[in-house]
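Listed here are the chains, written in short residue letters.
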Amino acid sequence: YPQPEKGKQLQGSVYLKFIVTKKGKVTNVELLNGVPGGPNLAREAVRLIQNMPDWFPATKNGKPVDAEYYLSIPFKL
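All figures in this text were calculated on a predicted structure; none of them were measured in a lab.

Caption draft 1: Spotlight on the environment of glycine 7. Mapped onto the fold, glycine 7 is located in helix H1 (residues 3-7). Here the alpha-carbon distance between glycine 7 and lysine 76, two residues 69 residues apart in the chain, equals 13 Å.

Caption draft 2: Just unusual backbone geometry, in detail. Phi at asparagine 28 is positive, roughly 50°, even though this residue is not glycine. For asparagine 28, the position within the fold is in strand E2 (residues 26-33). For asparagine 28, a relative accessible area of 57% gives the class exposed. With phi around 55°, asparagine 61 is a residue other than glycine that occupies positive phi space. Tracing the sequence through the fold places asparagine 61 in the loop between strand E3 (58-60) and strand E4 (63-65). The exposed category is assigned to asparagine 61, whose relative accessible area is 74%.

Caption draft 3: Spatial organisation of the side chain of glutamate 5. Considering the arrangement of structural elements, one finds glutamate 5 in helix H1. Ignoring any residue separated from it by four or fewer positions in sequence, one finds glutamate 5 in contact with Leu10, Gly37, Gly38, Pro39, Asn40 and Leu41.

Caption draft 4: Spatial organisation of the packing of aromatic side chains. If you walk through the whole model with that rule in mind, you get four aromatic pairs. Judged by centre distance (5.8 Å) and plane angle (85°), the rings of tyrosine 1 and phenylalanine 75 are edge-to-face. Of this pair, tyrosine 1 sits in the segment before H1 while phenylalanine 75 is found in strand E5 (residues 67-75), placing the two residues 74 residues apart along the sequence. Residue phenylalanine 75 is classed as buried on the basis of its relative accessible area of 8%. A ring pair is formed by phenylalanine 18 and tyrosine 69, whose centres lie 5.9 Å apart and whose planes are at 20°; its orientation type is stacked. In this pair, phenylalanine 18 sits in strand E1 (residues 12-20) while tyrosine 69 sits in strand E5, placing the two residues 51 residues apart along the sequence. Site record: aromatic cluster; members linked through ring pairs are Phe18, Trp55 and Tyr69.

The rules behind these values
Residues numbered from 1 in each chain as written. Predicted model: local features only at pLDDT ≥ 70, side-chain atom pairs only at ≥ 80, totals over all residues. Heavy atoms only, no water. Helix = DSSP H or I, 4+ residues; strand = E, 2+ residues; numbered from the N terminus. Buried < 20%, exposed > 50% of the residue type's maximum accessible area, 1.4 Å probe, protein only. Contact = heavy atoms within 4.5 Å. Phe/Tyr/Trp six-rings, centres within 6.5 Å; stacked < 30°, edge-to-face > 60°.

By themselves, these are just geometric observations and shouldn't be taken as functional.
This is how it looks when you write it as structure tokens:
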């Protein structure tokens, strides 16, 4: 939990969009909506997604494909 936001008792969810490639790599992380007054929460959420291990890719007709995902990361004290 980022210290400045923890000190202010800020809580809420950060919404992100990203691509999982057909090789399972997480790319193109994009912030959709953060917590008002909590820019460090948004940065931490993006950092978490960018550092995720590889995913199993989506498949279409039995073949791996790139896929877009949306994720909400809650920050609660």
